[in-house]
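Architecture at a glance
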Amino acid sequence: MQDKSNIDFENIRRMNEIAQVYEMTKQNKKAENYHRNIIKLCDRHPKNEMMLQYKIHSLNQLNKPYKSLETTNELLNLNPNNIIALFNILKYLKEVQYV
């Protein structure tokens, strides 16, 4: 029997791919709905590194930088060397610098 977190992870991965297709085809409302659903699924596994990475990506796609940074801090608490988290901080700092 497959672990529930593995099932959720596969669903999130597919949902993210679908959201990317919607973004490329300028169907932004549909993409936003997928990102919101990804965040809900990720919240079921708050201590899972991969889930937090997907949540950060979706929060960034929804233009929620502060929530993204909060999630980045959670991820860094799990793994201080997580490259996704470190790049997210760098991205935020670059954006703030040019505002």
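Scroll up for the structure.
The following refers to the structure shown. Small disclaimer: the values here were computed from a predicted structure and weren't measured.

This model, assessed by the stated rule, comprises three aromatic pairs. Between tyrosine 22 and tyrosine 34 the ring centres are 5.7 Å apart and the planes differ by 40 degrees, which places this aromatic pair in the tilted class. With tyrosine 22 in helix α1 (residues 4-24) and tyrosine 34 in helix α2 (residues 28-42), the pair connects residues that are 12 residues apart, well separated along the chain. Here tyrosine 34 falls in the partly exposed class, since its relative accessible area comes to 25%.

Next up on the list: the packing of helix α4 (residues 65-78) against helix α5 (residues 83-97). Between α4 and α5, the least distance of the axes is 9 Å, while the angle of their chain directions is 150 degrees. With respect to their mutual orientation, α4 and α5 come out roughly antiparallel. Considering only the axes of α4 and α5, their crossing is left-handed. Along its contact with α4, which presents Pro65, Tyr66, Ser68, Leu69, Thr72, Leu75 and Leu76, the element α5 presents Ala85, Leu86, Asn88, Ile89 and Tyr92. Taken together, the residues of the contact of α4 with α5 break down into nine nonpolar, three polar and no charged.

What counts, and at which threshold
- Residues numbered from 1 in each chain as written.
- Predicted model: local features only at pLDDT ≥ 70, side-chain atom pairs only at ≥ 80, totals over all residues.
- Heavy atoms only, no water.
- Phe/Tyr/Trp six-rings, centres within 6.5 Å; stacked < 30°, edge-to-face > 60°.
- Helix = DSSP H or I, 4+ residues; strand = E, 2+ residues; numbered from the N terminus.
- Buried < 20%, exposed > 50% of the residue type's maximum accessible area, 1.4 Å probe, protein only.
- Axes fitted to C-alpha atoms, helices over the stretch in contact; angles between N-to-C directions.
- Parallel < 35°, antiparallel > 145°, perpendicular 65-115°, else oblique.
- Left-handed = near helix turned anticlockwise from the far one by under 90°.
- Contact = heavy atoms within 4.5 Å.
- Nonpolar A, V, L, I, M, F, W, Y, C, P; charged D, E, K, R; others polar.

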